[in-house]
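# Architecture and fold: a report
Here is what each chain is made of, one letter per residue.
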Amino acid sequence: MADPTPPVVAQAEAPETTETTVRTLGRDAWHDLVRKPTFVVSAVLFVFFVTIAIAPGLFTSLSPTDCDLALSRQGPSSAAWFGYDNNGCDVYTHTIYGARASIMVGVLTAIGVLLIGGITGTIAGFYGRATDTVVSRLGDIFFGIPLLLGALIVLVSFPGGADTPELVTISKVVLALAALGWPQIMRITRSSVLQVRSADYVQAARALGAGGVRMILKHIVPNSIAPVIVVATIAIGGYIAAEATLSFLGVGLQPPVVSWGLAISRAQDYVRTSPHMLLFPASALSLCVLAFIMLGDAIRDALDPKLR
Amino acid sequence: MGRYVARRLLQMIPVVIGTTFIIYALVWALPGDPFAGRCGARPCPAAYVAEMTDKYNLDDPLPIAYLQYFGNLLTGDFGETFQGLSVGEELLRAYPTTVRLALVAIAFEILIGIGAGILAGLRRGSFLDNLVLVSTLVVVSIPVFVIGSVLQLFLGMRWGIFPATVGGDASLYNLILPGFVLAALSLAYVARLTRTSLAENRRADYVRTAVAKGMPQRRVIGIHAMRNSLIPVITFIGADFGALLGGAIVTEGIFNVPGVGNLIFRSITARDGVMVTGAVTVLVLVFLLVNLLVDLVYGWLDPRISHG
Amino acid sequence: MATTQAGIVPRPDQAGVTPLLEVEDLHVEFRTRDGVAKAVNGVSYTLHEGETLAVLGESGSGKSVTAQAIMGILDSPPGFVTGGAVRFRGQDLLALPDDERRAYRGRSISMIFQDALSALNPVFPVGWQIAEMFRVHEGLSKKDARKRAIELMEQVRIPAARERVGDYPHQFSGGMRQRIMIAMAIALDPDVLIADEPTTALDVTVQAQIMQLLADLQRDRNMGLILIAHDLGVVADVADKIEVMYSGRIMEQAPVHDIYAAPAHPYTKGLLESIPRVDLKGQELSAIKGLPPNLTNIPAGCEFRPRCPYAREICKEQRPPLAEVVPGRFSACHFAQEVLEGDIEPVQQ
Ligand SMILES: Nc1ncnc2c1ncn2[C@@H]1O[C@H](COP(=O)(O)OP(=O)(O)O)[C@@H](O)[C@H]1O
Ligand code: SF4
Ligand SMILES: [Mg+2]
């Protein structure tokens, strides 16, 4: 499925890891970052969205269940800036409360792919040979299944209902996305590890008899993780978009969960008469995705001396 | 060359088998009655259940049932849906529309994506360059279903410039709006890739040589720099075409385009396993073959790559 | 710009003949994020028909930038010519509009580069790249241009030229690639050929062949040749005159044999001592200690002072102009005469 592929970076775009790039992450990169407008803007947005997700109550006095059918689909007014949806719920409140589920899915999926892809990629890159071949082919197989299509099939196969606990619904979406998204991280980790592995100091440590796991934890991971983190950050934006898309298609999160994707999905039927139902949650969603992509982009630029 | 193609085709086999197996397993091997909800609200007739169970070897262990299914695929037999429709025929009916939609999308990627990328790359740091950078970032951040819904609302419904839905008449004109929506994300990537690639190549030594040879500016940029800059862009567009040929669930859904994406989505939600596995097999195959083709074209565009 | 620089000294021209190429008080700077790097600071030299001028200096001394400014192929931005003139047969190229200037490139002045692999376009056959000169400049048909390209490849002694005309740059060895560059550069019979370290990237044996080829072509065609190199050994046999550059300025200018016999500048002396010499085989080279000055912040006084074994108090305050030491020899050193005559002792530091 071509269309809703989340904005993932091509492998070639990931910064190359060398010892120096890692070192620059510490000092120069940080120095560069704080002076970059895109970084500052995305960092502010990031903090903003995370705050909303953690404490939505700070931003609205209403709760998402405070709905009044009499107000159904009323447009924006001074009383309700974003208007009301078809159930008469305040769109502003729903947009605020929608952040939590969306960001949770994005972040948890990123953690999931980092775990699966990071571990398999490190193993493939570090041990090489047959291990590498097996892991890489396995990655190819999952890579061949378009993210959205695969997630759709998984979620349809494990349907939930209105009585399913919120956390279970969210975990299902996370698992579906992570199960299909890991090869991307695996590939980047693998090539990053391959580069670090051939570095002199690693060869030296090997010659001195440093063992596998210790070696991986002490030398390989710290030095190869930078590009992986960058890609994962950008991918969070993609996963948030993917969750919204799945919810939009009716198979992702389910009410009573409040999420941007669900709100947009509901808006679909009333788009002609009540576009505010679509525009506000859609803007919030896009802005949030933008924040993660920009954040990852800015970090990558700072890490990649070639692009400076 | 022939050996390279043969090797690549051989490598494809495990990927195709693995991918189709995963899909097959997801669709068929789930806990619960595979016929639940298959025949509308009523339970399926016993005779029908028996026939289907026999036909798809559902009583056999999963790997065996799968192998039999895959054997049939090899002979070109995609099977029949529970409604008795031939999967092959259904796919053949949907494919031309998807191909046309993909072509429209690719045309946008080439025209707008490459065009904007060239303009930005030629004047790095200019207002136009920044405009392209910012707008592509914004486009990448807006999920496809949001772009689709918003454009449909304004261009289709409010202003009536394009038909809001396609329906039975998948003429090129009717496909312009969905084609653009489908292209939006890749278009942004193409623009950025072209820009970076061109800006990089403009500084290349051989471009300086062309200037030193007294070549006119138009030839220096248009032939010497451009030819090299477009290699990665063409590769990207080619691979994207392969993905687009898999159909577009969201875009086709929003604009009611009767293509493969629509077909797959309907089959998934109807839990029509035969159709889903058949369609996914085809699109994975197409995706892999197009990628092989792209690699061959790459070798032809860049003489340094040899597939000897 | 020029006023801050000491010493624009008129040079003796060959008896009133207009020189082929005349660079006068050229200034080039790069405006980068880290500041303005003054890469060329008042370079002047002249080149006559059939003459070979060698430009020597450590890497970073501004040799290539000078050549790029002459060709008009500076990376701009960040590079800008901020003063001076480049006259080809009396016509100041810097004063010409872009399209008129283009007519000189490849036709009147052409250039070959250090790294032929990156200087050739990787995606076009070498024959195509040579033939392009004839197609664009002379409007030849594809077929005729190709024929001429093959002839040129034969002239620069590429074996099996006819078979290899369709090959790509990466399919040739380093030496052969440099020959292709040379073929391209001499295609239109230019009056001036600038060769920017044409052999630095090559093996020693191949180096000698390429130098020989350049020398032969120059003699046959009576071209003016500007040969850029970073050590004297490479150019000693073919050059007539030598310009020694340091920190974007000419430090010494003299006929090649004079300089070889007795340098008139401590920097040249240092360069000479670092040439590997057959008679001193196995001995340690004495490369000049220290680093060239930071071009974004060239200190006052003599640019070479921090590394100069003979530096005195005056060198700290006054920048020595390029001045005539003995007839035909110029040096930018307060103690040029003494250095030339070996009449000065290093200062203990
Ligand atoms: N493209 C460029 N951008 C910025 N600075 C440059 C560039 N090219 C040259 N320079 C500056 O000009 C100086 C001289 O360079 P160059 O002429 O290439 O030295 P060389 O004598 O080795 O040929 C360099 O040290 C650098 O500071
Ligand atoms: S002027 Fe002074 S510092 Fe400069 S080269 Fe001559 S002696 Fe050395
Ligand atoms: Mg140089």
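Throughout this document, residue positions are counted from 1 along each chain, in the order its sequence is written. As they are written, the chains are lettered A onward and the ligands numbered 1 onward, keeping that order. pLDDT decides what is reported in this predicted model: residues at 70 or higher carry local features, side-chain atom pairs at 80 or more are listed and counted, and totals for whole chains, interfaces and linings draw on all residues regardless. Side-chain metrics rest on all non-hydrogen atoms present in the structure, leaving aside hydrogens and water.

On to the overall build of chain A. Only DSSP runs of H or I reaching four residues or more are called helices, and only runs of E reaching two or more are called strands; each is numbered from the N terminus. Looking only at helices and strands, chain A features 11 helices and 0 strands. Scanning chain A from its N terminus toward the C terminus, one meets helices and strands in the order α-α-α-α-α-α-α-α-α-α-α. Any two residues whose heavy atoms approach within 4.5 Å are treated as being in contact. Nonlocal contacts in chain A, meaning residues at least 24 apart in sequence, comprise 75% of its contacts between residues at least 6 apart. Surface summary for chain A: the accessible area is close to 12,900 Å², and the carbon and sulfur share equals 65%. Surface accessibility follows the Shrake-Rupley procedure with a 1.4 Å probe radius. Residue values consider only the protein chains on display as shielding.

Further remarks concern the site of ligand 2. Here a residue is near a molecule or strand as soon as one of its heavy atoms is found within 4 Å of it. With respect to spatial proximity, 13 residues lie near ligand 2, and among them Cys 302, Cys 308, Cys 315, Cys 333 and His 334 of chain C are the closest. Residue polarity is assigned by list, with Asp, Glu, Lys and Arg as charged and Ala, Val, Leu, Ile, Met, Phe, Trp, Tyr, Cys and Pro as nonpolar; anything else, Gly included, falls into the polar class. Partitioned by chemical class, the residues of the shell around ligand 2 number 10 nonpolar, 2 polar and 1 charged.

Residues and elements named next belong to chain A. UniProt positions are given in the numbering used here, feature names are shortened, and annotations may be inferred rather than shown by experiment. Within this structure's numbering, the places UniProt gives as "transmembrane region" (unreviewed entry) are residues 39-59, 103-126, 138-158, 164-182, 224-242 and 278-299. Its end C-alpha atoms 33 Å apart, residues 103-126 is made of 100% helix and 0% strand. In residues 224-242, the share of helix is 100% and the share of strand is 0%. The end C-alpha atoms are 27 Å apart.

Ile 194 and Ile 226 of chain C are the most contacted members of the largest nonpolar core, which totals 281 residues. Not counting chain neighbours up to four residues away, the residues in contact with Ile 226 of chain C comprise Leu 21, Tyr 45, Leu 47, Leu 53, Val 55, Ile 70, Leu 193, Ile 194 and Ala 195 of chain C. Ranked by size, the runner-up nonpolar core spans 8 residues in total, among them Val 193, Val 202, Ala 205 and Ile 220 of chain A. What we call a nonpolar core is a set of buried Ala, Val, Leu, Ile, Met, Phe, Trp, Tyr and Cys residues that are connected through their side-chain atoms within 4.5 Å. The cut-offs for exposure are 20% and 50% of the maximum accessible area for each residue type, with area from a 1.4 Å probe on protein chains only; residues under the lower value are buried, those over the upper are exposed, and the others partly exposed.

All right, on to the sheet that holds strand β6 (residues 109-112) of chain C then. Residues and elements named next belong to chain C. Between any two strands, pairing holds if DSSP finds at least two bridges. Strand order in the open sheet made by the 8 strands is β6-β7-β8-β3-β9-β10-β12-β11, with mixed pairing throughout. The strands lining the two open edges of the sheet, one partner per strand, are β6 and β11 (323-326). Each neighbouring strand pair of the sheet contributes to a mean axis angle of 25°, computed without reference to strand direction. One ladder, built from 5 bridges, connects strand β3 (residues 52-56) with strand β8 (residues 224-229); its direction is parallel. Within the sheet, the bridge partner assigned to Thr 52 lies in β8 and is Leu 225. An axis is simply a line fitted to the C-alpha atoms; with a helix, the fit covers only the stretch in contact. Between two such axes, the angle follows the N-to-C directions and lies from 0 to 180 degrees. Across the sheet, helix α1 (residues 63-71) lies against β3, β6, β7 (192-196), β8 and β9 (241-246), angled at about 145° from β6, the strand it touches most. Helix α8 (residues 204-221) rests against β3, β6, β7 and β8 of the sheet, and its axis sits at about 160° to β8.

All names here are of chain C. For this document, the term salt bridge refers to a Lys or Arg side-chain nitrogen within 4 Å of an Asp or Glu carboxyl oxygen. All told, the structure shown has 29 salt bridges over all chains when counted by the stated rule. The partner of Glu 29 in a salt bridge is Arg 31, and the shortest N-O contact between them spans 3.0 Å. In this structure Glu 29 comes out as buried when scored by relative accessible area, which is 9%. The exposure class assigned to Arg 31 is partly exposed, which follows from its relative accessible area of 41%. Linking Asp 189 and Arg 221 is a salt bridge whose minimum nitrogen-to-oxygen distance equals 3.3 Å. Taken as a pair, Asp 189 in the loop between α7 (174-186) and β7 and Arg 221 in helix α8 lie far apart in primary sequence, 32 residues in all.

A few words on unusual backbone geometry. All names here are of chain C. The omega angle of the peptide bond from Ser 76 to Pro 77 is -10°, so this bond is cis rather than trans. In this fold, Pro 77 is placed in the loop between α1 and β4 (79-88). A cis amide bond links Pro 77 to the next residue, Pro 78, at an omega of 10°. Inspection of the secondary structure puts Pro 78 in the loop between α1 and β4. For Arg 157, which is not glycine, the phi torsion reads 60° and is therefore positive.

Moving on: the site of ligand 1. Residues and elements named next belong to chain C. Taken together, 14 residues surround ligand 1, and among them Gly 60, Gly 62, Lys 63, Ser 64 and Val 65 come closest. One of the backbone N or O atoms of Val 65 is found 2.8 Å from an oxygen atom in ligand 1. Protein chains shield 69% of the accessible area of ligand 1, which is 560 Å² for the free molecule. When residues of the shell around ligand 1 are assigned to their parent elements, the largest contribution, 3 residues, is made by α1. Residue composition of the shell around ligand 1, by class: 5 nonpolar, 6 polar and 3 charged. Pairs of N or O atoms within 3.5 Å make up the polar contacts considered here, provided that, within protein, one atom can donate a hydrogen while the other can accept it, and that residues adjacent in sequence are counted only when both atoms are side-chain atoms.

Before going further, it helps to examine the interface of chain B and chain A. Chain B puts 48 residues into the contact, and the matching count from chain A is 42 residues. For the chain B and chain A pair, buried surface summed over both sides reaches about 3,800 Å², with 78% attributable to carbon and sulfur atoms. In this structure, the connection of chain B to chain A is made through 1 salt bridge. Put simply, Asp 297 of chain A and Arg 192 of chain B hold a salt bridge, and the shortest N to O gap is 3.4 Å. At the boundary of chain B with chain A, the tally comes to 2 residue pairs in polar contact (both at pLDDT 80 or more). By definition, the buried area sums, over both parts, the 1.4 Å-probe accessible area that each loses when the two are put together.

Residues and elements named next belong to chain C. Ordered in space as β2-β1-β4-β5, the 4 strands form an open sheet in which the pairing is antiparallel. Strand pairing shows two members of the sheet lacking a second neighbour, β2 (35-47) and β5 (91-92), which therefore form its edges. As defined by bridge partners, strand β1 (residues 21-32) adjoins β4 across 8 bridges and the pair is classed as antiparallel. Of the residues in β4, the one forming a bridge with Phe 30 is Gly 79. Against the sheet, α1 contacts β1, β2 and β4, and its axis sits at roughly 110° relative to β1.

Right, let's talk about helix α5 (residues 142-155) of chain C for a bit. Residues and elements named next belong to chain C. Helix span, as expected, comes to 1.5 Å for every residue beyond the first. Compared with an ideal rise of 1.5 Å per residue, which puts 14 residues at 20 Å, α5 spans 20 Å between its outermost C-alpha atoms and is within 8% of the ideal. Along α5, the residues that are buried comprise Ala 145, Ala 149, Ile 150, Leu 152 and Met 153. Taken down its axis, α5 places every buried residue within 160° of arc, on the same side. Among the exposed residues of α5, those pointing more than 90 degrees away from its buried face are Lys 143 and Lys 147. Its buried side turned inward, α5 meets α4 (126-138), α6 (161-164), α7 and α8. Following α5 by one or two positions, Arg 157 has its phi on the positive side, about 60°. Here the arc refers to the set of directions running from the helix axis out to each C-beta atom.

With that settled, consider the interface of chain B and chain C. Chain B puts 21 residues into the contact, and the matching count from chain C is 28 residues. Of all residues in chain B, Arg 208, Lys 213 and Pro 303 of chain B give up the largest surface area on contact with chain C, accounting jointly for 28% of the area buried on that side. Scanning the region where chain B abuts chain C turns up 15 residue pairs in polar contact (both at pLDDT 80 or more). Where the side of chain B that touches chain C is concerned, the elements lending two or more residues are α8 (205-212) and α9 (217-244) of chain B. Residues that form the side of chain B that touches chain C fall into these classes: 9 nonpolar, 4 polar and 8 charged.

Attention now goes to the side chain of Asp 132 of chain A. Residues and elements named next belong to chain A. Inspection of the secondary structure assignment puts Asp 132 in helix α5 (residues 129-144). Given a relative accessible area of 12%, Asp 132 falls into the buried group. A polar atom in the side chain of Asp 132 sits 2.6 Å from the side chain of Arg 190. Excluding residues within four positions of it along the chain, Asp 132 makes contact with Ala 124 and Arg 190.

With that out of the way, let us pick up the pairing of β3 of chain C. Counting buried positions along β3 of chain C gives 5 out of 5 residues, so the element sits mostly inside the fold. Residue alternation in β3 of chain C divides its side chains into two sets, Thr 52, Ala 54 and Leu 56 of chain C and Leu 53 and Val 55 of chain C, and both sets are buried.

Take the packing of α7 of chain C against α8 of chain C next. Residue and element names in this part refer to chain C. Running from amino to carboxyl end, α7 crosses α8 at an angle of 15°, the nearest separation of the two axes being 10 Å. Judged on the interaxial angle alone, α8 and α7 are roughly parallel. The interaxial crossing formed by α7 with α8 has right-handed handedness. Between α7, through Gly 175, Gln 178, Arg 179, Ile 182 and Ile 186, and α8, the contact on the second element is made entirely by Val 206, Gln 209, Ile 210, Leu 213, Leu 214, Leu 217 and Arg 221. In terms of residue class, the contact of α7 with α8 is made up of 7 nonpolar, 3 polar and 2 charged. Angular relationships are summarised with four words: roughly parallel below 35 degrees, roughly antiparallel beyond 145, roughly perpendicular across 65 to 115, and oblique for the angles in between. Each crossing gets its hand from how the near helix is turned against the far one by less than a right angle, where anticlockwise is left-handed and clockwise is right-handed.

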